[in-house]
Amino acid sequence: SVLSASTSFNSVISTSDKLGYLNVEPGQWAQLELSDYDFGEEITISFWANGDSDYLPVNTSVVEAGDSLNNRIINIHFPWSNSRFYWDCGTGSGADRIDQLAATEEIGGEWHHWAFTKNQATGIMNIYKDGALWLSGTDRNRMVGAVNKFILGANRNLANGWAGKLDEFRIWDVELDEATIGS
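Keep in mind that this is a model prediction, so the values were computed, not measured. (Residues numbered from 1 in each chain as written. Predicted model: local features only at pLDDT ≥ 70, side-chain atom pairs only at ≥ 80, totals over all residues. Heavy atoms only, no water.)

Some words on the pairing of strand 8 (residues 84–89)
Piece 1. For strand 8, the buried fraction is high: five of the six residues fall into the buried class.
Piece 2. In terms of strand pairing, strand 7 (residues 72–77) meets strand 8 through four bridges, oriented antiparallel. Paired with H77 across the strands is Y86, a residue of strand 8.
Piece 3. Between strand 7 and strand 8, which pair antiparallel in sequence order, lie six residues; one of them, S83, sits at a positive phi of approximately 65 degrees.
Piece 4. Pairing geometry for strand 8 and strand 9 (residues 96–101), over six bridges, is antiparallel. Each bridged residue has a counterpart across the sheet, and for W87 the counterpart in strand 9 is I98.
Piece 5. With antiparallel pairing between neighbouring strands as the criterion, strand 8 and strand 9 make up a hairpin whose turn holds six residues, including G90 at a positive phi of roughly 140 degrees. (Buried < 20%, exposed > 50% of the residue type's maximum accessible area, 1.4 Å probe, protein only. Helix = DSSP H or I, 4+ residues; strand = E, 2+ residues; numbered from the N terminus. Pairing = 2+ DSSP bridges.)

And the structure:
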């Protein structure tokens, strides 16, 4: 099921009435409050993104989520300054991670659909680009855990800002399969 949440924005975030995307400039962010929603074993996060190629790559977090004690539960470096995408997820000390070098056009300047999945029971984490598997990792067995809030466009401390356009940001409390993501 798709989750619903309350949202808040910092003072300068904007949306486009015509296209409906979230336009994030450096230093801007949006927050989704979930009040400690327990994802348990599985999660899927998906969105359309078009990064600002004049700004990226730098150290970023396009999405980061923390628990009620502000511990990191979920983080997507999109990219880091080394042009790698990092998908981090899990409770406890540290997190499960998969990462891969991204091409220039994946980082910015073009729209792409991205989906990030984790299944604790199978130990598999995946990243999908435009409906096709882009990266997979195994032996990633940490629980997803409870999320208090998501930050879009920065990390949970409002640093490592990402810049670009986001559309159709969605969170599921299940791991979607490739066929579902592709459709």
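Moving on, there is more to tell.
What to know about the nonpolar core
Piece 1. Counting residues in hydrophobic clusters, the biggest one holds 37 residues, and the most contacted among them are I43, F47, I74, F78, W87, W114 and F150.
Piece 2. Here this core takes four residues from strand 5 (residues 42–51), the largest share from any one element.
Piece 3. Apart from the residues lying within four places of it in its own chain, the contact partners of F78 are F47, A49, L56, T60, V62, F85, W114, F116 and W162.
Piece 4. Core analysis: the second largest hydrophobic core is formed by five residues, A115, W172, L176 and I181 among them. (Core = buried A, V, L, I, M, F, W, Y, C linked by side-chain atoms within 4.5 Å. Contact = heavy atoms within 4.5 Å.)

Observations regarding the pairing of strand 13 (residues 146–152)
Piece 1. Counted residue by residue, strand 13 has five buried out of seven residues, so it is predominantly covered.
Piece 2. Across six bridges, strand 4 (residues 30–38) lies against strand 13 in antiparallel orientation. Its bridge partner being in strand 13, A30 is matched across the sheet by L152.
Piece 3. Of the strand pairs in this sheet, strand 6 (residues 63–66) and strand 13 are connected by four bridges, and their pairing is antiparallel. The residue bridging G66 from the neighbouring strand is K149, located in strand 13.

Observations concerning the environment of I76
Piece 1. Structurally, I76 is set in strand 7.
Piece 2. Distance from I76 to E64, taken between C-alpha atoms, is 6.4 Å for residues 12 residues apart in sequence.
Piece 3. Each residue touching I76, except ones within four places of it in the same chain, is listed here: F47, T60, S61, V62, V63, Y86, W87 and F116.

Observations regarding the confidence of the model for the chain
Predicted coordinates in regions of low pLDDT should not be interpreted in detail.
Piece 1. For the chain, per-residue confidence averages 89 on the pLDDT scale, and 90% of positions sit at 70 or higher.
Piece 2. Across residues 1–17, confidence stays below pLDDT 50; counting only partners more than four residues off in sequence or on other chains, it has 38 contacts. (pLDDT = per-residue confidence, 0-100.)

Quick look at the side chain of T44
Piece 1. Assignment of secondary structure puts T44 in strand 5.
Piece 2. Residue classification places T44 among the buried residues on the basis of a relative accessible area of 0%.
Piece 3. If near-sequence neighbours (up to four positions away) are discounted, T44 is found in contact with F116, T117, R170, I171, W172, V174, E175 and L176.

Quick look at the packing of aromatic side chains
Piece 1. Going through the model one piece at a time under the given rule, you end up with 15 aromatic pairs.
Piece 2. Each ring, one from F47 and one from F78, has its centre 5.6 Å from the other, and the planes form 80 degrees; the classification is edge-to-face. Highlighted residues: F47 in strand 5 and F78 in the loop between strand 7 and strand 8, separated in sequence by 31 residues.
Piece 3. By relative accessible area, F78 is classed as buried at 1%.
Piece 4. For the ring pair F150 and F169, a centre distance of 6.3 Å and an interplane angle of 70 degrees mean the geometry is edge-to-face. Of this pair, F150 sits in strand 13 while F169 sits in strand 14 (residues 164–172), and the two are 19 residues apart along the sequence.
Piece 5. F150 gets classed as buried once you look at its relative accessible area, which sits at 0%.
Piece 6. Taken together, the ring pairs connect Y37, F39, F47, F78, F85, W87, W114, F116, W134, F150, W162 and F169 into an aromatic cluster. (Phe/Tyr/Trp six-rings, centres within 6.5 Å; stacked < 30°, edge-to-face > 60°.)

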